[in-house]
Amino acid sequence: MSSVRNFRARLLTATAAAAVATLSLTACSDGSGARAEGPAGSSSTASADSGSSTPNDVHPTTDGSRDSDGSAAKTPVSAKNPTVGPGSDGARGAKGVTCQGSNTKTVAAPLERPVNHLLLTVTNTGSSTCHLYGYPALRFGEAQSVPPAIEASHPQAVVTLAPGESGYASVSLSATDGSGTNGRTEESLTVFFQGRTADEDVPSAARPSLPAGGVAIDDSLKVTYWQQSLEDAIAW
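Predicted model only: the values in this text are computed from it and were never measured. (Residues numbered from 1 in each chain as written. Predicted model: local features only at pLDDT ≥ 70, side-chain atom pairs only at ≥ 80, totals over all residues. Heavy atoms only, no water.)

Draft legend 1. Expanded view of the nonpolar core. Core analysis: the largest hydrophobic core is formed by 25 residues, its most contacted members being Leu-118, Leu-120, Phe-140, Val-171, Leu-189 and Trp-226. Elements with a minimum of two residues in this core: strand S3 (117-124), strand S4 (130-140), strand S5 (159-161), strand S6 (166-172), strand S8 (189-194) and strand S9 (215-217). The element best represented in this core is S4, accounting for four residues. Among all residues touching Leu-189, those that are not within four sequence positions of it are Ala-108, Leu-118, Leu-120, Leu-138, Arg-139, Phe-140, Ala-206, Arg-207, Pro-208 and Leu-210. (Core = buried A, V, L, I, M, F, W, Y, C linked by side-chain atoms within 4.5 Å. Buried < 20%, exposed > 50% of the residue type's maximum accessible area, 1.4 Å probe, protein only. Helix = DSSP H or I, 4+ residues; strand = E, 2+ residues; numbered from the N terminus. Contact = heavy atoms within 4.5 Å.)

Shown next, in the form of structure tokens:
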């Protein structure tokens, strides 16, 4: 009997030991005990993600600058694309008004060369810079139309006159070879000024005196654009 009891005791001890071993193996496989080995490099990746040097709420700009609240700093549109506002001249950077009869003095004088030409000189008599836009619209006598402009004389920039400065245009009065038609003599001249845009109202015209006896014109009559220099005006 004692041998049987000893056998049962040994059997129970062995069974208990097996059960403990089984529980240990189960704990290792489900992670509740020692950590199971994962894929190579997984621990370093997790460490790098958690230690990122750039917080999620800070966004670097293209130039590396940031606002104080962490948002991307913005460059004003006006700084990227500067524009020239109304009443200013992009070439010379001078603000001013439109030249017209009320703030200028216009003189009409015949030229020896080129022949059959009349020189118009407009001097700024005002206290502000003024601009001569386009070309002078001329009316000789009671004409119902104005002579065309010489397109090749179009300047690269708007003519700008500081107080006391002058601008110029020349008028080809008649064909030098006699080919012009409807020849006549006119004793009066009205000079109309143009605005920066077609919608601008420029009410004040100039009425310079013509030489005694008037000037001979024909249907070949034409005029240059306003010019900044006398040399450019008489080149046509």
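Draft legend 2. Molecular detail of the state of the cysteines. The final tally for this structure, using the stated rule, is one disulfide. There is a disulfide in this structure between Cys-99 and Cys-130, and the S-S distance comes to 2.0 Å. With the S-S dihedral at roughly 85°, the linkage between Cys-99 and Cys-130 falls on the right-handed side. Of this pair, Cys-99 sits in the loop between strand S1 (97-98) and strand S2 (104-111) while Cys-130 is found in strand S4, placing the two residues 31 residues apart along the sequence. Assessed through its relative accessible area of 1%, Cys-99 is described here as buried. Judged by its relative accessible area of 0%, Cys-130 is buried. (Disulfide = S-S within 2.5 Å.)

Draft legend 3. Local environment of the side chain of Ser-172. For Ser-172, the location among the structural elements is in strand S6. The exposure class assigned to Ser-172 is buried, which follows from its relative accessible area of 7%. Other than its neighbours up to four places away in sequence, Ser-172 contacts Asn-116, His-117, Ser-220, Leu-221 and Lys-222.

Draft legend 4. How the structure looks around the pattern of salt bridges. Inspection of every chain in the model, using the stated rule, returns two salt bridges. A salt bridge links Arg-184 to Glu-186; the nearest nitrogen and oxygen atoms lie 3.7 Å apart. Take Glu-186: its relative accessible area is 17%, and that puts it in the buried class. The shortest N-O distance in the salt bridge between Asp-219 and Arg-184 comes to 3.4 Å. Placement of Asp-219 in the loop between S9 and strand S10 (222-223) and of Arg-184 in strand S7 (residues 184-186) is noted, with a sequence separation of 35 residues between them. The exposure class assigned to Arg-184 is partly exposed, which follows from its relative accessible area of 30%. (Salt bridge = Lys/Arg side-chain N within 4 Å of Asp/Glu carboxyl O.)

Draft legend 5. Local environment of the pairing of S6. Of all seven residues making up S6, six are buried, and the element is well covered by its neighbours. Pairing between S3 and S6: seven bridges, direction antiparallel. Bridged to Leu-120 within S6 is Ala-169. In terms of strand pairing, S6 meets S10 through two bridges, oriented antiparallel. Each residue of the ladder has a partner; that of Ser-172, found in S10, is Lys-222. (Pairing = 2+ DSSP bridges.)

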